[in-house]
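# Structural overview
The lines below spell out each chain.
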Amino acid sequence: MNKKRLIIVPLLMSFALTSCSGVKDYKEHLDDYVVSMQFHDNFNVVQLTDIHWSYTTSTMASKIYLTKLFKQIDAHIKESQGENAKIDLVEVTGDQFMLANNYHVNSFIEFFEEQANLYGFKYASIWGNHDRHGLYNPNWLANQFKKAPHSIYVEEDDNLYGRSNFVINLTTDGEKTSPTKWQLANLDSGASFSETAVSPFRDYDYIRADQVDWWVKEHAKVGEEVPVIAYYHIPQQDNLEAYNKIHVDGATYKNKFFKLEGFADNGNAEYASNFIAEGRKHNLKAAFMGHAHNVDWTVDYEGVTIGLGVKTGPELYYAHIDVNDSSEAIKEGLASVGINENFDLIGAALVTIKDEASFELEHLYFNERTANDFVAWVKY
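Please read all numbers here as calculations on a predicted model, not as lab measurements.

With that out of the way, let us pick up unusual backbone geometry. Notably, Leu-99 is not glycine yet its phi reads approximately 55°, a positive angle. Position of Leu-99 among the secondary structure elements: in the loop between β3 (89-93) and α3 (102-119). In the Ramachandran plot, Glu-302 falls in the positive-phi region, its phi being about 50° despite a non-glycine side chain. One can find Glu-302 in the loop between β11 (298-301) and β12 (304-308).

Right, here's the structure in full:
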């Protein structure tokens, strides 16, 4: 609710009170934020992030790239897991758009529906900061995701901060009431401006206390023994803490891939979130995000795997990896992935939930080239 100013005109007060009466208290409607899918061994979750369709985008060229990307992912899954294996879910972790219009949104969703029909997956959309920067009403965008047949998207008129807060419970038979084997938590980590009256000019944002409380309650409903993977857009301060412990304090946490720029506003006390700290108490196994285009760094930090997905596609900016670069960050990244030729840091990430207790992570670097596309799969 917007409580920035008190409306003292009686008629407006009456209207405001009437408008607020339908707002849900999330604590009393936890089931409304739940979507279920059927769990099976080798459940494949593809993460795409920061696609950035904008007014400058050639949708045709971008569709060609993404079509080839999906084809490569499907082929890799079938080669490594068997012909019956497939993409089960695509998590699109924010910044799908930037200064886009209705045409871009409609084209984007039409394309994902075509791919979903072809490969048999569902896709879940999470808000990023640039998704708010569009030539459309944000409520209109939310409704497009709500009504697309293969889209998983939940947004309630509630008192919970943000938009795309929902859980996907992977149950034994796909029914909500059946036992949950894994939970996928989707959260809105905020905008470059707030849509509430609390902080209308916030630079970026963070996962708020009420969102953490909501997720803890959702997890308690399925059982504390259920493992969880979270997806959101903006890295929280845990990413920076882990990086500093390794590179400043000399800790030996497992880490891999590339970190060539910062983690946005991590380290700023104003943006502190206790989501991962609280998650450690509630069987959070991993948290994956996007936002930083030149970073796909992943670390096992005090029991939770924290990582950024590979930026998807060549829109806006991205890193160019030169094997002859003398910078320590490039050399460290190259040593971790074992690649010995130049490439661009774009592609996708794949989480394969192997069974009821474990998962594997792979990063795909996929570059279109004139003669034979560059393809490199790297296991974490």
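What follows concerns the sheet that holds strand β4 (residues 122-126). As a general point, the strands of a sheet are linked pairwise by backbone hydrogen bonds and lie either parallel or antiparallel. Spatially, the seven strands line up as an open sheet ordered β5-β4-β3-β2-β15-β16-β17, and their pairing is mixed. With partners counted over all chains shown, the strands left at the sheet margins are β5 (151-152) and β17 (374-379), one partner each. Inspection of the sheet shows β4 paired to β5 by two bridges, in the parallel sense. Bridging from a neighbouring strand, Ala-124 pairs with Ile-152 of β5.

On to the packing of α3 against helix α4 (residues 138-147). Relative to each other, α3 and α4 sit at 15°, their axes nearing to 11 Å. Relative to α4, the element α3 is oriented roughly parallel. When the axes of α3 and α4 are compared, the crossing they make is right-handed. Here Asn-102, Val-105, Asn-106 and Ile-109 of α3 come into contact with α4, specifically with Trp-140, Leu-141, Gln-144 and Phe-145. A breakdown of the residues in the contact of α3 with α4 according to their chemical character gives five nonpolar, three polar and no charged.

Structurally, Asp-32 can be placed in the loop between α1 (10-20) and β1 (34-38). Taking the C-alpha atoms as reference points, Asp-32 and His-282, separated by 250 residues in sequence, lie 21 Å from one another. Apart from the residues within four sequence positions on either side, Asp-32 is in contact with Lys-24, Val-154 and Glu-156. Within the structure, Asp-32 has its side chain in polar contact with the side chain of Lys-24 (distance 2.5 Å).

Conventions and cut-offs
- Residues numbered from 1 in each chain as written.
- Predicted model: local features only at pLDDT ≥ 70, side-chain atom pairs only at ≥ 80, totals over all residues.
- Heavy atoms only, no water.
- Helix = DSSP H or I, 4+ residues; strand = E, 2+ residues; numbered from the N terminus.
- Pairing = 2+ DSSP bridges.
- Axes fitted to C-alpha atoms, helices over the stretch in contact; angles between N-to-C directions.
- Parallel < 35°, antiparallel > 145°, perpendicular 65-115°, else oblique.
- Left-handed = near helix turned anticlockwise from the far one by under 90°.
- Contact = heavy atoms within 4.5 Å.
- Nonpolar A, V, L, I, M, F, W, Y, C, P; charged D, E, K, R; others polar.
- Polar contact = N/O pair within 3.5 Å; in protein donor to acceptor, adjacent residues only side chain to side chain.

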